[in-house]
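Understanding the architecture of this molecule
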Amino acid sequence: MAGTFKFELVTPERMALSEDATQVVVPGVEGEFTVLPGHAPVISALRPGVIDVTLPDARKTRIFVKGGFAEVDADHLTVLAERALDVDTMDAGTIAAELATAEADLASASDDAGRLAAASAVERLRGLRR
């Protein structure tokens, strides 16, 4: 389909999503970036955050990811995520459990990279509670 690219979200357990998309906003470690059809090749590490996917029919999907990597080329975006949860199906209990895990990760982090990732997860999950 013209004006789209293939978006695939893969977790260690499964292929979480495989759709044509018109735009995807990705939480890269150096900041969010938007992928559009024809994007230049990029590989980026991800920070915990929400991936916003716009589908060809203008529907939007939001997915919380807990770290991973994104690989982009002109007609394809692949996200390999440690964990992925559909934001629309997350209830207060799921968010609370993920937040407790992230807070425990933050408390036990032994290096700056671990603290940064855990702090980012805590911040994003607290934002989802609102």
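Residues numbered from 1 in each chain as written. Predicted model: local features only at pLDDT ≥ 70, side-chain atom pairs only at ≥ 80, totals over all residues. Heavy atoms only, no water.

Focus on the overall build of the chain
Secondary structure assignment for the chain yields two helices and ten strands. Taken from the N to the C terminus, the helices and strands of the chain come in the order β-β-β-β-β-β-β-β-β-β-α-α. Relative to the 2.2 N^0.38 estimate, which gives 14 Å for 130 residues, the radius of gyration of the chain is 15 Å and therefore close to what a compact globule would have. C-alpha atoms of the chain, sized along the principal axes, occupy 45 × 30 × 25 Å. Of all 130 residues assigned to the chain, the portion counted as buried reaches 41%. Roughly 7,100 Å² of accessible area belongs to the chain as shown, and the carbon and sulfur atoms make up 52% of that amount. (Helix = DSSP H or I, 4+ residues; strand = E, 2+ residues; numbered from the N terminus. Rg over C-alpha atoms; globule rule 2.2 N^0.38 Å. Buried < 20%, exposed > 50% of the residue type's maximum accessible area, 1.4 Å probe, protein only. Areas by Shrake-Rupley, 256 points an atom, 1.4 Å probe, with all protein chains shown as cover.)

What to know about the side chain of Thr 11
By the element assignment, Thr 11 lies in the loop between β1 (5-10) and β2 (15-21). Its relative accessible area of 8% is what places Thr 11 among the buried residues. Once residues within four sequence positions are removed from consideration, Thr 11 is found in contact with Ala 16, Ala 81, Arg 83 and Ala 84. (Contact = heavy atoms within 4.5 Å.)

Quick word on the nonpolar core
Judged by nonpolar contacts, the single largest core of 21 residues is most densely connected at Phe 7, Leu 9, Val 24, Leu 77 and Val 79. Elements represented by at least two residues in this core include exactly β1, β2, β3 (23-28), β4 (31-35), β6 (49-54), β7 (60-65), β8 (68-73) and β9 (76-81). Ignoring anything within four residues of it in the chain, the contact list for Leu 77 reads Phe 5, Lys 6, Phe 7, Glu 8, Val 24, Val 26, Val 35, Ala 70, Glu 71 and Val 72. The next biggest cluster of nonpolar side chains, apart from the first, holds twelve residues, and it includes Val 50, Met 90, Ala 121 and Leu 128. (Core = buried A, V, L, I, M, F, W, Y, C linked by side-chain atoms within 4.5 Å.)

Here we look at the environment of Gly 114
Examined against the element boundaries, Gly 114 turns out to sit in helix α2 (residues 112-129). Among the residues examined, Gly 114 registers a relative accessible area of 27% and is labelled partly exposed. Taking C-alpha positions, Gly 114 is 26 Å from Asp 91, a pair spaced 23 residues apart along the chain.

Some words on the packing of helix α1 (residues 92-108) against α2
In contact at an axis separation of 8 Å, α1 and α2 are set at 155 degrees when each is read in the N-to-C sense. By the angle class used here, α1 and α2 are roughly antiparallel. As for how α1 packs across α2, the hand of that crossing is left-handed. Where α1 abuts α2, its residues Ile 95, Glu 98, Leu 99, Ala 102, Glu 103, Asp 105 and Leu 106 lie against Arg 115, Ala 118, Ala 119, Ala 121, Val 122, Leu 125, Arg 126, Leu 128 and Arg 129. (Axes fitted to C-alpha atoms, helices over the stretch in contact; angles between N-to-C directions. Parallel < 35°, antiparallel > 145°, perpendicular 65-115°, else oblique. Left-handed = near helix turned anticlockwise from the far one by under 90°.)

So, the pairing of β1
Taken together, the six bridges between β1 and β2 define a ladder with antiparallel strand orientation. If you follow Leu 9 over to β2, its bridge partner there is Leu 17. Linking two consecutive strands that pair antiparallel, namely β1 and β2, is a turn of four residues. (Pairing = 2+ DSSP bridges.)

Description of the layout of surface pockets
Considering only enclosed or pocket space, the largest pocket measures out at about 270 Å³ in volume. Along the walls of the largest pocket sit 16 residues, with Leu 46, Arg 47, Pro 48, Leu 116 and Ala 117 positioned nearest its centre. Of all the elements in the fold, those that place two or more residues in the lining of the largest pocket are α1 and α2. No other element matches the six residues that α2 contributes to the lining of the largest pocket. (1 Å grid on protein atoms, 1.4 Å probe; cavity = no way out; pocket = protein on both sides within 12 Å on 5 of 7 lines; lining within 4 Å. Points joined across faces, edges and corners; volume = space filled by probe spheres on them.)

Read these as geometric descriptors, not functional statements.
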